[in-house]
Amino acid sequence: MKKTAARKTPKTTTARPRAAANTSGAIVKPRSLTAAAYEMIEEMIVKLELLPGAAISEAELSARLQIGRTPVREALQRLAREHLVSILPQRGVLVSEIDIKRQLRLLETRREVERLVVRCAARRATEAERARFEELATEFDVAGKQNDETRFIRADKEFNDLSLRASRNEFAAGAMGLMHGLSRRFWYLHYRQAADTPLMAKLHGALARAISQRDEAAAAQAMEALIDHNEAFTKATVSTDF
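Not measured: the values here are computed from a predicted model.

Conventions and cut-offs
- Residues numbered from 1 in each chain as written.
- Predicted model: local features only at pLDDT ≥ 70, side-chain atom pairs only at ≥ 80, totals over all residues.
- Heavy atoms only, no water.
- Helix = DSSP H or I, 4+ residues; strand = E, 2+ residues; numbered from the N terminus.
- Buried < 20%, exposed > 50% of the residue type's maximum accessible area, 1.4 Å probe, protein only.
- Contact = heavy atoms within 4.5 Å.
- Pairing = 2+ DSSP bridges.
- Phe/Tyr/Trp six-rings, centres within 6.5 Å; stacked < 30°, edge-to-face > 60°.
- Core = buried A, V, L, I, M, F, W, Y, C linked by side-chain atoms within 4.5 Å.
- 1 Å grid on protein atoms, 1.4 Å probe; cavity = no way out; pocket = protein on both sides within 12 Å on 5 of 7 lines; lining within 4 Å.
- Points joined across faces, edges and corners; volume = space filled by probe spheres on them.
- Nonpolar A, V, L, I, M, F, W, Y, C, P; charged D, E, K, R; others polar.

Novice: An account of the environment of leucine 203 is requested, with residue identities and associated values reported.
Specialist: The topology assignment puts leucine 203 in helix α9 (residues 197-212). Take leucine 203: its relative accessible area is 16%, and that puts it in the buried class. Sequence separation between leucine 203 and leucine 226 is 23 residues, and the spatial gap between their C-alpha atoms is 6.0 Å. In this structure, leucine 203 is in contact with Ala225, Leu226 and His229, ignoring residues within four places of it in sequence.

In structure tokens:
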């Protein structure tokens, strides 16, 4: 029987966008409500606060996140494109199930496309983006040393998004954008069994530093090491009862 309740209430329950100053003092345009809703719902799914197979509704999420139903609906449509939810006529929205074979097929695709993404990012990233990659490498170091999975998950999300922007390749970015959430959720489900946070953080840190240093070959090699580990990790997992 499908579970319909979320595991716990997320720490962040408000999403009113606010303008903020960047390091140069310029005002940065606030996130849209749709983007805010997407980020929070995506994290809830990845961190299994919304369980695989769970039925969710726009009204429930709107009340929980304190965001209107239209931004929530638009966020769910994006999550459906990323295969994290299914929108079923007359049945509502279901969080997608987790499947090991499907995960391995996803990793096959990631290996080829993400190698291109990180090489392009190493070649094309701006100086500001390189600086942020170096900061994220440090963030991964701290997450690994502290064994802090939440810190790692958030740094990983920013790293993925930054890599896609820095690659300046909309076709590769479009393909990869559909895969990151599924990969992060699968890892979150099983990482405690393998005490995997420190190693994953180390692998991501090496990749972020290679990009920051404009080293395409090192970035590609670091990505291969990361995907090799993810494949071994996936094959070693066992079914988990929710």
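Novice: Explain the pairing of strand β5 (residues 92-95) to me, using residue names and the numbers behind them.
Specialist: Each regular strand displays side chains that alternate between the two surfaces of the sheet. Relative to β5, strand β3 (residues 55-56) runs antiparallel, the two sharing 2 bridges. From the neighbouring strand, isoleucine 56 faces β5, where its bridge partner is valine 93.

Novice: Give me the lowdown on the packing of aromatic side chains, citing residues and values where you can.
Specialist: Under the counting rule described, the total for this entry stands at 4 aromatic pairs. Considering the side-chain rings of phenylalanine 140 and phenylalanine 159, the 6.0 Å spacing of their centres and the 75° angle between planes classify their relative orientation as edge-to-face. With phenylalanine 140 in helix α5 (residues 127-146) and phenylalanine 159 in helix α6 (residues 149-167), this pair connects stretches of sequence that are 19 residues apart. Residue phenylalanine 140 shares its accessibility class with phenylalanine 159, and that shared class is buried. Look at phenylalanine 152 and tryptophan 187: their rings are 5.0 Å apart centre to centre, the planes differ by 55°, and that puts the pair in the tilted class. Residue phenylalanine 152 is found in helix α6, and its partner tryptophan 187 is found in helix α8 (residues 180-194); the two are separated by 35 residues along the sequence.

Novice: Tell me what's going on with the nonpolar core, and back it up with residues and numbers.
Specialist: The biggest cluster of nonpolar side chains holds 67 residues, and the ones touching the most others in it are Ile41 and Leu207. Sorting elements by how many residues they give to this core places helix α1 (residues 33-46) first, with 8 residues. In contact with leucine 207, other than residues within four places in its own chain, are Val118, Phe159, Ala219, Ala222, Met223 and Leu226.

Novice: Describe empty space enclosed by the protein, with residues and values.
Specialist: Where empty space is left can be seen by rolling a probe of water-molecule size over the atoms. Applying the stated rule across the entire model yields 2 cavities of 30 Å³ or more. Of all the elements in the fold, those that place two or more residues in the lining of the largest cavity are α4 (100-124), α6, α8, α9 and α10 (216-236). Partitioning the lining of the largest cavity into residue classes produces 10 nonpolar, 7 polar and 4 charged. Considering only residue class, the lining of the second largest cavity consists of 4 nonpolar, 1 polar and 4 charged.

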